[in-house]
Amino acid sequence: MTTPLLDVQDLRTVFDTKEGTVKAVDGVSFQLEAGETLGIVGESGCGKSVTALSIMRLQRPGRIVSGKVQLKGRDITKVSDAEMREIRGQEIAMIFQDPMTSMNPVLRVGFQIEEAMAAHRRFTGQQARDRVVPMLQRVRIPAAKERIKDFPHQFSGGMRQRAMIAMGVSNEPSLLIADEPTTALDVTVQASIIELLRDISRELRAAVILITHNMALVASLCNRVIVMYAGRIVEQGPTRAIFKNPQHPYTWSLLRSMPRMDEVGKERLVSIRGVPPDLGKLPTGCKFHPRCRFKVDRCLTEEPPLAEVDPEQLARCWVLMKNVPNPEMQS
Amino acid sequence: MLDPTSLPEIELPGSPFEGDTSRPAQSFWNESWERLRANRIGVAAGVLILILALIAIAAPIFSLVLTHFDPTRQHLIDNFRPPGHPYLLGTDELGRDTLTRLIYGGRVTLGVASLTVVLSLTLGTTVGLLAGYYGRWLDDLLMRIVDVFLAIPAIFLFILMSILFRPNAFTLAAIIASVGWGGVARLVRGEVLSVKQRDFILATRSVGAKDLRLIVRHLLPNVLPILIVAASLGVGQIILIEAALDFLGLGIQPPTPSWGNMLTNAESYFFHSGWLVVFPGVTIFITVLASNLFGNAVRDAFDPRLK
Amino acid sequence: MLLKFVARRLLASVIVVLGVTAVTLILMDRTRGAYVPGIDLNPALRPEDIARLRANLGLDEPFYQWYLSWLWNVLHGDFGRSMIDGSPVITHILERLPNTLELTLTAIVLGILLSVPLGVIGALRRGSKSDHALTVFSVGGFAIPQFWLGLMLILVFSVTFQHLGWPWLPSGGVTSPFGGGDLGDRLLHLILPATVLSLFYLSLWSRFTRSSMLEVLSQDYVRTARAKGMSERRVVYLHGLRNALIPLVTLVGLELPGLVSGGLIVEVVFSWPGLGRLAFERALQYDYTTVMGVVFFTTLLVVAGNLLADILYAILDPRIRYA
């Protein structure tokens, strides 16, 4: 068996707050191969961003309390700070949600991209400088040569995100993490950014982790999906399978709350009742049960394990949607 | 086709299912008050100020109980007595009891400071509200005037005015306020400008509300937190300015005691009567410290993001 | 665009200066009617002489005429003559100006040099003992009355030390009256007053630097910098401190106006022959020409200082230029 590019094993990250220790990531495990795109979906606060930050070891003020993150066989939760800094931006790159605040407003865009390369040993200072314009051109920013002297506020939202992507891929990383890359952008611009991400990741043969709450994005970009809730994985599997046959009630509700072009007139839109859970005051048993339409008694007392329901598809549920006869009728 | 009448019912928070963790909503003022109460240093400082204010207001009672002296009573025989009995904090060159003078001096200082705050807040808020709300030429005009007042070096203005208008507590407060109101006006104007954009203002106007009503009932309450914070933070500086003016002889004149003028001649008595220099200064320091700490606590309570 | 920005600010500045002089003169106007020039020198002046002197100095003119003629003179560099001794005001001002600048510039530079590292340490070691000590120090320093501190320092380091036979610091003046005048002597005299003056700045700026650093370090772009794999040092200084210093520049700029007048209390306490003390003493004597001269001069510097700070800010923060 070849070693996967990324192997996350039982990752746990907590935050110490006045009200106690909050488990933001509570036992997350998954693997990723080169060239794969993995989507992590869930509501705000479910732990998807913290998972990504933990992989980069940027989770402060949180703490990684246990688990392993193996990058090409090496556990990066245990490497020194200096080594981690080499990995960041070079082996693993991250693109953040809001490009306006994610770039330093007083430094020129060209400089910030150059910096990303110059920080590592792969390119010399001069090489880094020479690569800036080609990088910007690659992310399809027009008039790149003049633009490198501009400041972030002079770029439009979409262009800023492209520049962020350029920054991210400038060192040709093996793993690219995109945290809600299109959420802060206009709908019209989103499609082009997604297309750009797809092209670049294909070109680099990089693995991509796409974090989003937008199921449509997942459908168009990802090979596999992980659904998170309250810091845990509640379902994971190939995108097609998940979309066709969601087994966890939460996944099912997420998909049902999305209008779909191919099913006009067929189903009602259904909202998920309740509010996202307070991670400091989680219920006993299955963490989703307070909002679940299909629960049984066991759900209130025992937390289900993440179990295989189909080849390659795992779900954390006692009931499983395949055992529910007419789910649309129950509301 | 999506049938609106058949959409599932929206469940409101607070519904009786397990795991619901919604908290009751609190008003902005309640929340701020809670935050203030939780800040122990701030509370301690606030209590201290309250005590000082109490002593100042009830000065005659306190001095009657504590020291039995009149602040202007001279007893030349007893001059330069060190702290002890019956002069708890000693006497000055004219035999006047230091502690009593400190107590009465507090009245002067705190009184002038409060008056100053009231004056500069009133003038500053009015100008700020008008400038921010009406905008255009009125805004330009008023803000130029504010710029002028802010550009004059405060110290010079104080000196000029103190010399020209023989200062009693009221005129002194007016003089000090004449410099501070500009800052308040700018602050208020800024706040008004940002609130003005908000939709509820447009909505209120579209319903036909009159300007005055809009300003008083809608803008003013939104501006209050800023005012409270500015006032709490500014009191300390005002006390220091007042003391300095008194020290220079431009403020409250003897024989009325004030913490500042108790120090005017103290330098020459340092050797044999060091307490005359130390006590008034320490008193000023403690008062200003307490009010600064309280001011910081107030600011943190109203806008915790700034922390 | 930078040029347009500067031009606009320049215009506003001119208006402000005119306004300030008008206000000050309006205040001094009250003294015009009563003042009798030269009365101190010659109490036996006859009414006709008084009338003649007043006419000469234009003391009975309508206000606007007085103001305009004064303004006209000033724009030609003629600040008039002192009402006390008849010597040109401008001479006094230029004599005293270097002393004031020496004092306040030293205090400001001292303030900056100490505040920035203290603030950075406080931010990086947030919550630690040194951070708390810093907070206590700055909150305390802000509450001490300047004149009292000056007094106490003199009493301890000058009077008491001398009394005890220890090496002591001078209590006033720029240089020693006898001998001295060399650099060492000047520095000795500078120590106490500059310390008192800088304490205020230090308390204010160190706390401000700290909170500015904390805010900047929590920004998204700092997270991006870390994600790019930059060394912590570079993140803190290039991305952190550089951005955190921008508002500090504004704050320091706000003190530039105080450069000439803010040291007044310290000048008085330490008998420092500066502009502030000049204005104070002359105002007590109703020497309106001198006072006006000092105020105008100072305001000019204030406004120029503001302008400079704005320009500096615009250079450092490119977003401002396009506002």
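### Looking at the overall build of chain A
When helices and strands are counted, chain A shows twelve helices and twelve strands. Scaling as 2.2 N^0.38, a compact globule of 331 residues should have a C-alpha radius of gyration of about 20 Å, and chain A matches this with 21 Å. Taking the principal axes of its C-alpha atoms as reference, chain A extends roughly 65 × 50 × 45 Å. Burial statistics for chain A: of 331 residues in total, 47% are counted as buried. Put simply, 64% of the contacts in chain A that link residues at least 6 apart link residues at least 24 apart.

### Brief notes about the overall build of chain B
The helix and strand tally for chain B stands at ten helices and zero strands. When each of the 307 residues of chain B is scored for burial, the buried share is 43%. In chain B, once contacts between residues fewer than 6 apart in sequence are set aside, the share between residues at least 24 apart is 69%.

### Some points on the sheet that holds strand β2 (residues 20-32) of chain A
All names here are of chain A. Across the sheet, which stays open at both edges, the four strands sit in the order β2-β1-β4-β5 with antiparallel pairing between neighbours. Strand pairing shows two members of the sheet lacking a second neighbour, β2 and β5 (74-75), which therefore form its edges. Where strand β4 (residues 63-71) lies against β5, two bridges are found, and the strand directions are antiparallel. Looking at β5, one finds that Gln70 is bridged to Asp75.

### A few points about the interface of chain B and chain C
Across the contact, 30 residues belong to chain B and 37 residues belong to chain C. Elements with a minimum of two residues in the side of chain B that touches chain C: α5 (136-151), α6 (154-164), α9 (211-248) and α10 (275-302) of chain B. Sorting elements by how many residues they give to the side of chain B that touches chain C places α10(B) first, with eight residues.

### Digging into the sheet that holds strand β11 (residues 307-310) of chain A
Residues and elements named next belong to chain A. Strands sit in the order β6-β7-β8-β3-β9-β10-β12-β11 across an open sheet of eight strands; the sheet is mixed. Since the sheet does not close on itself, it has two edges, and those belong to β6 (92-95) and β11, each with one partner. Each strand axis lies, on average, 20° off the axis of its neighbour in the sheet, ignoring direction. In this sheet, strand β9 (residues 224-229) lies alongside strand β3 (residues 37-41) in parallel orientation, the contact comprising four bridges. When the bridges of β9 are listed, Gly39 appears paired with Val225.

### Focus: the packing of helix α4 (residues 109-118) of chain A against helix α7 (residues 157-169) of chain A
All names here are of chain A. Between α4 and α7, the shortest axis-to-axis distance is 8 Å and the interhelical angle comes to 25°. Regarding the angle of α4 to α7, the classification is roughly parallel. In this structure, α4 meets α7 at a crossing whose hand is right-handed. Here Val109, Gln112, Ile113 and Ala116 of α4 come into contact with α7, specifically with Ala163, Ala166 and Met167. Partitioned by chemical class, the residues of the contact of α4 with α7 number six nonpolar, one polar and no charged.

### A few points about the interface of chain A and chain C
Frequently, the measure chosen for interface size is the accessible area that the parts lose on association. Facing the 23 residues of chain A at the interface are 18 residues of chain C. For the side of chain A that touches chain C, the secondary-structure elements that each account for two or more residues are α2 (81-87), α3 (99-102) and α4 of chain A. Per-class residue counts for the side of chain A that touches chain C are eleven nonpolar, seven polar and five charged.

### Here's the deal with the confidence of the model for chain B
Predicted coordinates in regions of low pLDDT should not be interpreted in detail. Residue and element names in this part refer to chain B. On average, residues of chain B score 77 in pLDDT, and 84% of them are at 70 or above. Predicted confidence for residues 1-22 stays below pLDDT 50, and this span has 25 contacts to residues more than four positions away or in other chains. Interface confidence for the predicted complex, given as ipTM, is 0.82, next to a pTM of 0.75.

What counts as what
The numbering scheme is per chain: residues are counted from 1 as the chain's sequence reads. Each chain takes a letter, starting from A, and each ligand takes a number, starting from 1, following the order in which they are written. At least 70 in pLDDT is required for a residue's local features to be given in this predicted model, at least 80 for side-chain atom pairs to be given and counted, and no such filter applies to totals for whole chains, interfaces and linings, which use all residues. Numbered from the N terminus, helices here are DSSP runs of H or I no shorter than four residues, and strands are runs of E no shorter than two. The quantity called the radius of gyration is restricted to C-alpha atoms. Its globule counterpart is 2.2 Å times the number of residues to the power 0.38. Neighbour counting defines burial: a residue surrounded by 20 or more other C-beta atoms within 10 Å of its own C-beta is buried, one with 12 or fewer is exposed, and intermediate counts give partly exposed, using backbone-placed C-beta atoms. We call two residues in contact when their backbone-placed C-beta atoms lie within 7 Å. Strands were regarded as paired on the criterion that DSSP finds at least two bridges between them. Fitting a line to C-alpha atoms yields each axis, with helices limited to the stretch in contact; the angle taken between N-to-C directions then spans 0 to 180 degrees. Oblique is the label for any angle not under 35 degrees, not over 145, and not in the 65 to 115 range, which are roughly parallel, roughly antiparallel and roughly perpendicular in turn. Crossing handedness: left-handed means the near helix sits turned counterclockwise from the far one by under a right angle, and right-handed means the same turn made clockwise. Three categories are distinguished: nonpolar for Ala, Val, Leu, Ile, Met, Phe, Trp, Tyr, Cys and Pro, charged for Asp, Glu, Lys and Arg, and polar for the others, with Gly belonging to the last. A residue's pLDDT is simply how confident the predictor is in it, with values from 0 to 100.

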